[in-house]
Amino acid sequence: MENKNESMQTAKRLDGIGEYYFSKKLREIEELNKQGKNILNLGIGSPDLPPQPEVIKVLQEESAKLNVHAYQGYKGTPALRAAFAHWYKTWYGVDLNPDTEILPLIGSKEGIMHICMTYLNEGDEVLIPNPGYPTYTSAVKLAGGITVPYVLTEQNNWEPDFAALEKTDLSKVKLMWVNYPQMPTGQLPTTALFEQLVAFGKKHNILICHDNPYSFILNESPASMLAVPGAKDVVIELNSLSKSQNMAGWRVGVLCAAKERVEEILRFKSNMDSGMFLPVQLAAAKALAADKDWYDSVNAVYRRRRNKVEALLQLLDCNFSAGQAGMFMWAKIPAKYKSGYELSDEILYNASVFITPGGIFGSAGDDYIRVSLCSTEEKLSESIDRVKNYLKK
Ligand SMILES: Cc1ncc(COP(=O)(O)O)c(C=O)c1O
């Protein structure tokens, strides 16, 4: 008899949507670990450092109360929205109305999907950075849109080539995804770039969706695209506590935009989920009140780790630019490798160290690799030793 479970047809919208690269690779790494390999994983960007102790205290104290366990409002608790507004004013110099221009999210990743589901009709086009965060592509496809990749190159400081874009037919383009500090390249934004993007969005009637989770990491001047005068006419910005507050597993992010955009996106989001657990929201509000010492202390650790990663990359004969922001190092592989995949597999199978191949972020990343700074100095030193030992053979 036919096994019904095997023949279940998935929805068409999943065609071409593969399993997320990391979930597949993690399974392979688990398999290698079972064989006793003890792989050092320098792939995933999940902060290993803890949040501020006061944040955990708020969660503990609040969750012990009896009246905090009910459903929460779809727009987040006022205390959290006020904390986001204060954070944006303090660090980015941006005024946001906490009642109308701020929408707390369960991480910024879900915001990417919400934006696509809110605005895209079947066949609408979306500009996607290549290389860039793979979720932009899958969210657009799941929402029925068509991805139109735009290439970022080292020669152009990993910025969009506006002249080339202007020569293409942009009439069907509804959204453009951008992300600075850029992941995976670590490129910082300039004010001029943000101004150009706002002008480009206005000229072509394109919503500029700026994903901004890395602005505090290895960067002394956090910047928001919403600081550009008139940006709210065309910009939606996503932000997150995952990286800057070491709270990736807590799932707290935010969407900032004009009142009309927030209302439109809420029409979709309020049908998908309900408000976050109140103690999590109150603890997140506490995290946002951190002063400069907090960011300095986190960055001091990343800076020390970056030195180690630079040593590892030099061993591998890779080229990289100084001053990258965010929690990764992006580096060009030597010519002897066909691609970053080849280098990654060679090091995984021979030195038991996993490094992300740049190609998973798009074809323009094929000649690159990305090393995460979310490992202790000890682990990074051990990785260096293992690679040295392998290269000696
Ligand atoms: C560019 C970019 N955007 C968004 C995210 C997701 O962040 P969050 O944890 O807020 O969903 C990541 C996480 O790796 C990322 O690299």
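Refer to the structure above for everything that follows.
Our subject in this report is the structure included herewith. Note that the structure is predicted; figures quoted are calculated from it, not measured.

For the rest of this paragraph, the subject is the overall build of the chain. Helix and strand counts for the chain stand at 12 helices and 12 strands. Its C-alpha atoms give the chain a radius of gyration of 21 Å, within 12% of the compact-globule value 21 Å for 393 residues. Along the three orthogonal principal directions, the C-alpha set of the chain runs to about 65 × 65 × 55 Å. Sorting the 393 residues of the chain into buried and exposed places 52% on the buried side. A sequence separation of at least 24 residues applies to 76% of the contacts in the chain between residues at least 6 apart. On the chain, the mean spot of the 43 positive side-chain charges and the mean spot of the 46 negative ones are 2 Å from each other.

Close contact between helix H4 (residues 108-119) and helix H8 (residues 259-269) brings their axes to 9 Å; oriented N to C, the two are set at 100 degrees. Looking at the two axes, H4 sits roughly perpendicular to H8. Facing H4, whose interface residues are Glu110, His114, Ile115, Met117, Thr118 and Tyr119, H8 presents Arg261, Glu264, Ile265, Phe268 and Lys269. Of the residues in the contact of H4 with H8, the class split is five nonpolar, two polar and four charged.

The local shell around the ligand holds 14 residues, among which Ser108, Asp211, Tyr214, Ser240 and Ser242 are the closest. One nitrogen or oxygen atom from the side chain of serine 240 is found 2.7 Å from an oxygen atom belonging to the ligand. Serine 242 is positioned such that a nitrogen or oxygen atom in its side chain is 2.6 Å from an oxygen atom of the ligand. Expressed as a share of its isolated accessible area of 400 Å², the protein-covered part of the ligand is 90%. Tallied by class, residues from the shell around the ligand come to five nonpolar, five polar and four charged.

The next thing to look at is helix H9 (residues 278-288). The buried fraction of H9 amounts to nine of the 11 residues, a majority that puts the element mostly inside the structure. Within the span of H9, buried status applies to Leu278, Pro279, Val280, Gln281, Ala283, Ala284, Ala285, Ala287 and Leu288. Buried-residue contacts for H9 involve helix H2 (53-63) and helix H3 (78-92).

Turning our eyes to something else, we now look at the pairing of strand E12 (residues 368-372). Of all five residues making up E12, five are buried, and the element is well covered by its neighbours. The pairing of strand E9 (residues 328-332) with E12 spans five bridges and is antiparallel. Each bridged residue has a counterpart across the sheet, and for phenylalanine 328 the counterpart in E12 is serine 372. Sheet analysis places strand E11 (residues 356-357) next to E12, joined by two bridges and oriented antiparallel. Bridge pairing links threonine 356 to arginine 370 in E12.

Moving on to the packing of helix H1 (residues 21-34) against helix H11 (residues 340-351). For any two helices packed against each other, one specifies the crossing angle of their axes together with the interaxial distance. Interaxial distance between H1 and H11 falls to 12 Å at its minimum, and their mutual angle equals 25 degrees. Between H1 and H11, the crossing angle belongs to the class labelled roughly parallel. Relative to H11, the crossing made by H1 is right-handed. Contacts between H1 and H11 pair Tyr21, Lys25, Glu28 and Leu32 from the former with Tyr341, Asp345, Leu348 and Tyr349 from the latter. Of the residues that constitute the contact of H1 with H11, the class distribution is five nonpolar, no polar and three charged.

Thresholds applied
Each chain carries its own residue numbering, running from 1 in the written order of its sequence. Only residues with pLDDT of at least 70 get local features here, since the model is predicted, and only at 80 or more are side-chain atom pairs given and counted; chain-wide, interface and lining totals rely on the full set of residues. Excluded from the side-chain calculations are hydrogens and water; all other atoms, namely the structure's heavy atoms, are used. The helix and strand labels rest on DSSP assignments: H or I over at least four residues marks a helix, E over at least two residues marks a strand, and numbering proceeds from the N terminus. The globule rule used for comparison is 2.2 Å times the number of residues to the exponent 0.38, while the radius of gyration itself is calculated over C-alpha atoms. Exposure classes here rest on a 1.4 Å probe applied to the protein chains alone. A residue is buried below 20% of its type maximum, exposed above 50%, and partly exposed in between. When checking whether two residues touch, look at their non-hydrogen atoms; a contact exists if any pair is within 4.5 Å. Positive charges come from Lys and Arg, negative ones from Asp and Glu, while His and the chain ends are left out of the count. Note on charges: their place is set at NZ of Lys, CZ of Arg, CG of Asp or CD of Glu. For helices, the fitted axis covers only the stretch in contact; all axes are lines through C-alpha atoms, and the angles between them, taken along N-to-C directions, range from 0 to 180 degrees. Put simply, angles under 35 degrees are roughly parallel, angles over 145 are roughly antiparallel, angles from 65 to 115 are roughly perpendicular, and the rest are oblique. In this classification, the charged set is Asp, Glu, Lys and Arg, the nonpolar set is Ala, Val, Leu, Ile, Met, Phe, Trp, Tyr, Cys and Pro, and all remaining amino acids, among them Gly, are polar. Definition of nearness: a residue and a molecule or strand are near each other if at least one heavy atom of the residue lies within 4 Å of the molecule or strand. Here a polar contact is taken to be a pair of N or O atoms separated by no more than 3.5 Å, where protein atoms must pair a possible hydrogen donor with a possible acceptor and residues adjacent in sequence count only if both atoms sit in side chains. Computed by Shrake-Rupley with a 1.4 Å probe, the accessible areas treat only the displayed protein chains as cover when residues are assessed. Only strands joined by at least two bridges in the DSSP assignment are considered to pair. Helix crossings fall into two classes, left-handed where the near helix is turned counterclockwise from the far one by less than a right angle and right-handed where it is turned clockwise.

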